[in-house]
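Chain by chain, the residues:
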Amino acid sequence: MKFKNLWKSILSWALYIALIRCLASFVNAFVFERTTVEGHSMENTLHDHDSLVLDKITYHFRDPKRFDIIVFPHMLNNEKSYYIKRIIGLPGETLQISEEGSIYINGKMLKEDFGKEVILNPGIASKKIKLKDDEYFVMGDNRNNSQDSRDPSVGPVKREDIIGRAVFRLYPFNNIGVIQE
């Protein structure tokens, strides 16, 4: 009898653990995911080695907005890496960066406080770029130290490639909290 109760208990715990693992996998695949910032392209908003939580579900119910901080894959030296950047241009918009380093959306200068420095290299945005219905133009906040949509190897980001939106900083503990957009 004790042997039968032991097996029931083991089976019960195994099912419980399997259920928890399935639930955690579901949450990680479709709801939230943890990621780490690598590099300095998003300073002063995010810093190298910051640990973040990505919201992967919101964009199933609404489109990404200007100034959202997103994560998307990028092939670099035949290896997939993940970039974290801020959305600047939205689908259907025309974007250009002037010689003076100002960003223009549909002919109007963009007012924003994230990229505080004058843009030295407009890259492909030195000429007007018309974004397609499924494309976003992204940039790092550290405008002169960021490989982003201005670089032809990155270019505009397709909607289907956006993994999620950075919403919460877990680490470092002295900066824990919601990421301001």
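A quick note: this is a predicted structure, and the numbers were derived from the prediction, not measured. (Residues numbered from 1 in each chain as written. Predicted model: local features only at pLDDT ≥ 70, side-chain atom pairs only at ≥ 80, totals over all residues. Heavy atoms only, no water.)

Visitor: Could you give an account of the sheet that holds strand β5 (residues 94-97), with specific residues and numbers?
Guide: Paired through backbone hydrogen bonds, the strands of a sheet run either parallel or antiparallel to each other. The antiparallel open sheet is built from 4 strands, whose spatial order is β7-β6-β5-β8. Both edges of this open sheet fall to β7 (108-109) and β8 (129-130), since each of them pairs with a single strand only. In this sheet, β8 lies alongside β5 in antiparallel orientation, the contact comprising 2 bridges. Bridge pairing links L95 to I129 in β8. (Pairing = 2+ DSSP bridges. Helix = DSSP H or I, 4+ residues; strand = E, 2+ residues; numbered from the N terminus.)

Visitor: An account of the packing of aromatic side chains is needed here, citing residue identities and associated values.
Guide: With the rule as written, the count across this model stands at 3 aromatic pairs. Taken together, a centroid distance of 5.2 Å and an interplanar angle of 50° make the contact between F67 and F114 tilted. Here F114 lies in the loop between β7 and β8 and F67 lies in the loop between β2 (51-55) and β3 (69-76), a separation of 47 residues in the sequence. A residue is classified by how much of its surface remains accessible, and F67, at 18% relative accessible area, is buried. Geometrically, the ring pair formed by F72 and Y83 is edge-to-face, given 5.9 Å between the ring centres and 75° between the ring planes. Separated by 11 residues along the polypeptide, F72 in strand β3 and Y83 in strand β4 (residues 79-89) bring together distant segments of the chain. Its relative accessible area of 2% is what places F72 among the buried residues. The ring of Y83 carries K85 above its face, with NZ or CZ at 5.2 Å from the centroid. (Phe/Tyr/Trp six-rings, centres within 6.5 Å; stacked < 30°, edge-to-face > 60°. Buried < 20%, exposed > 50% of the residue type's maximum accessible area, 1.4 Å probe, protein only. Lys NZ or Arg CZ within 6 Å of the ring centre and 35° of its normal.)

Visitor: Explain the nonpolar core to me, using residue names and the numbers behind them.
Guide: Membership of the largest hydrophobic core comes to 13 residues, with the highest contact counts inside it found for I88, L95, I103, F137 and M139. In this structure F137 touches R86, I87, I88, G89, L95, A125, I129, L131, S149 and R150, once residues within four positions along its chain are discounted. Among the nonpolar cores identified, the runner-up in size contains 11 residues, and Y59, I70, Y136 and I162 belong to it. (Core = buried A, V, L, I, M, F, W, Y, C linked by side-chain atoms within 4.5 Å. Contact = heavy atoms within 4.5 Å.)

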